[in-house]
Amino acid sequence: MSMLQAVTGAHGTGGRSHVVVLGGGYAGQLAAQALAVRTDARVTLVNDGDRFVQRVRLHETAAGGSEPAAPRFTDLLAGTGVTFLDDRVEDLDPATRRLGLRDGGSLDYDLLVYALGSHADPTVLPGPVHDVSTAGGAAALRDRLAAGPTTVAVVGGGLTGLELATELAEAGHPTTLVTAEGLGADLSPRGGRHVRAVCDRLGVTVLDGRRALAADDAGLSLDDGSRVPADVVVGTVGFAVPDLARRAGLAVDPSGRVLVDTALRSTSHPDVLAVGDAAAATRPDGQPLRMACATGLPQAQQAARTVASVLAGTEPAPLRFRYALRCVSLGRRDGLVQFVHADDSPRDLVVTGRVAAAVKEAIVVNALRVQRHPRIPTSA
Ligand SMILES: Cc1cc2nc3c(=O)[nH]c(=O)nc-3n(C[C@H](O)[C@H](O)[C@H](O)COP(=O)(O)OP(=O)(O)OC[C@H]3O[C@@H](n4cnc5c(N)ncnc54)[C@H](O)[C@@H]3O)c2cc1C
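Residues numbered from 1 in each chain as written. Predicted model: local features only at pLDDT ≥ 70, side-chain atom pairs only at ≥ 80, totals over all residues. Heavy atoms only, no water.

Let us now look at the overall build of the protein chain. Along the backbone of the protein chain there are 10 helices and 22 strands. The C-alpha radius of gyration of the protein chain comes to 21 Å, within 12% of the 21 Å expected for a compact globule of 380 residues. In terms of its C-alpha atoms, the protein chain occupies a principal-axis envelope of roughly 65 × 45 × 35 Å. The proportion of buried residues among the 380 residues of the protein chain is 50%. In the protein chain, the share of contacts with a sequence separation of at least 24, taken over all contacts with a separation of at least 6, comes to 60%. Accessible area of the protein chain: about 15900 Å², with a carbon and sulfur share of 52%. Looking at the protein chain, you have 38 positive and 41 negative side-chain charges, and the mean spots of the two groups are 6 Å apart. (Helix = DSSP H or I, 4+ residues; strand = E, 2+ residues; numbered from the N terminus. Rg over C-alpha atoms; globule rule 2.2 N^0.38 Å. Buried < 20%, exposed > 50% of the residue type's maximum accessible area, 1.4 Å probe, protein only. Contact = heavy atoms within 4.5 Å. Areas by Shrake-Rupley, 256 points an atom, 1.4 Å probe, with all protein chains shown as cover. Lys, Arg positive; Asp, Glu negative; His and termini not counted. Charge placed at Lys NZ, Arg CZ, Asp CG, Glu CD.)

With 61 residues, the main nonpolar core has Leu92, Leu99 and Tyr114 as its most contacted residues. If one sorts the elements of this core by residue count, helix H2 (residues 26-38) sits on top with 7 residues. The residues contacting leucine 99, other than those within four sequence positions of it, are Val20, Leu22, Val89, Asp91, Leu92, Gly105, Ser106, Leu107, Tyr109 and Leu112. Leu145, Leu162, Leu177 and Val234 belong to the second-largest nonpolar core, a separate cluster that totals 29 residues. (Core = buried A, V, L, I, M, F, W, Y, C linked by side-chain atoms within 4.5 Å.)

Taken domain by domain, the protein chain comprises domain 1 (3-118 + 241-321) and domain 2 (135-238 + 325-363). Taken together, the contact between domain 1 and domain 2 spans 13 residues of the former and 18 residues of the latter. On the domain 1 side of the contact with domain 2, His59, Ala62 and Arg290 bury the most area, a combined 41% of that side's loss. Between the two partners, domain 1 and domain 2, sit 4 salt bridges. Residues arginine 142 and glutamate 67 are paired through a salt bridge, measuring 2.9 Å at the closest nitrogen-oxygen approach. At the junction of domain 1 with domain 2, the criterion picks out 7 residue pairs in polar contact (both at pLDDT 80 or more). Residues that form the side of domain 1 that touches domain 2 fall into these classes: 4 nonpolar, 4 polar and 5 charged. (Domains from an automatic or database assignment. Buried area = accessible area lost by both parts, 1.4 Å probe. Salt bridge = Lys/Arg side-chain N within 4 Å of Asp/Glu carboxyl O. Polar contact = N/O pair within 3.5 Å; in protein donor to acceptor, adjacent residues only side chain to side chain. Nonpolar A, V, L, I, M, F, W, Y, C, P; charged D, E, K, R; others polar.)

Pairing in this open sheet of 3 strands is antiparallel, and the strands run S12-S13-S14 from one edge to the other. Each having just a single partner strand, strand S12 (212-216) and strand S14 (227-229) make up the two edges of the open sheet. When the angles between neighbouring strand axes are averaged without regard to direction, this sheet yields 20 degrees. Relative to strand S13 (residues 219-222), S12 is paired through 4 bridges, and the arrangement is antiparallel. Following the sheet pairing, alanine 212 is matched in S13 by leucine 222. (Pairing = 2+ DSSP bridges. Axes fitted to C-alpha atoms, helices over the stretch in contact; angles between N-to-C directions.)

Time to look at the pattern of salt bridges. Tallied over the entire structure, the rule returns 28 salt bridges. A salt bridge links aspartate 186 to arginine 326; the shortest N-O distance between them is 3.5 Å. Residue aspartate 186 is found in the loop between strand S10 (175-179) and helix H7 (189-202), and its partner arginine 326 is found in strand S20 (residues 325-329); the two are separated by 140 residues along the sequence. In this structure aspartate 186 comes out as partly exposed when scored by relative accessible area, which is 44%.

With that out of the way, let us pick up the packing of aromatic side chains. The full count for this structure, using the stated rule, is 4 aromatic pairs. Ring centres of phenylalanine 73 and phenylalanine 84 lie 4.8 Å apart, and the angle between their planes is 25 degrees; on these two criteria the pair is classed as stacked. Note that phenylalanine 73 is positioned in helix H4 (residues 73-76) and phenylalanine 84 in strand S3 (residues 83-86), a separation of 11 residues in sequence. Each of the two residues, phenylalanine 73 as well as phenylalanine 84, counts as buried. A ring pair is formed by phenylalanine 321 and tyrosine 323, whose centres lie 4.8 Å apart and whose planes are at 85 degrees; its orientation type is edge-to-face. Under the relative-accessibility criterion, phenylalanine 321 is labelled buried at 9%. Judged by its relative accessible area of 3%, tyrosine 323 falls in the buried class. Three or more aromatic residues link up through ring pairs in this structure, and these residues are Tyr26, Phe52, Phe73 and Phe84. (Phe/Tyr/Trp six-rings, centres within 6.5 Å; stacked < 30°, edge-to-face > 60°.)

Printed below as a string of structure tokens:
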């Protein structure tokens, strides 16, 4: 009997509800673990690929750093009772609570946790553009850069663009960072000064206040008519989400993220919860949560609490979340910890240098550790 048959064949047995978690990224994998701890439901995690990807390390992979650990889901979930299914979900029918799988099979659920994450949006920057949003994308960039120092243009001055540009420059690739905003515009003045100083030290050419229009084999065209010569262009702007929820008729925002209430239930289909990048979640005061591990991990733990309440017939408590800090690696030996107010606006308080790099590394290690230990607190 295949694993799929084992799952579908057991559906409904023993009167236990079947909770399916869709997507094994930081949010989905943790949700599955937390569900196993907090509920007596039968839990199945479905992911397209049998290994957990440390997505927050993909810029390190691209720059040729050591390959990060990618544990098998069956190892992460050993002893939890969660069933793992390596398959791709192609369709979702919320009326029959049925998922259509790539191999032609199907999987029924009583409650669904939708955690399909995000990927680079190929429509944002036309032309030959690399990305580091998936393991495959990061590996392709690493292979392209493997021959030796290569001129790179990184588009996007957000945290991912900044981390990637500094990592590539430190690895010896002449790097230009193009950003429509001012570099560090969303940091405190001290934070902004630090990231600019590190870019200067590593030789990153910063072109801020300029928008990239298109890439080609010789580099980038900018909106002021100028050119950035580059052998390789990497885009870090514009993350898109899978269109499964939209196709299924769930209420979604204009980008396709699932609209959820404060307990992370779909506003149109309350037997579907959504977490992580694919969820349009907000704080209790209505402020949208940004796409980040920092928000996806607490959402995963909340999803398990919500499911536990739903199964117990009680009203779930809302997600309680406040921002505390933003952490940026700037190469392997420098970094920035930007402390923020509860609403994510920057405070005039930063930690920089090797200490900040060590704090960032500890947070990344913890984001993997919590995937085995779902009771570790993940929010301030
Ligand atoms: C280079 C980089 C650095 C980053 N650094 C940070 C950082 O320092 N701090 C921070 O907070 N955030 C950071 N982020 C953002 C963070 O990685 C994401 O917010 C986080 O991964 C979102 O988690 P998720 O579980 O929602 O989605 P994902 O991690 O994207 O996981 C989604 C999963 O769903 C699976 N999937 C997709 N479609 C299907 C399907 N149809 N069927 C089955 N499975 C499917 C995918 O294979 C994947 O495993 C970074 C992102 C990148 C790219």
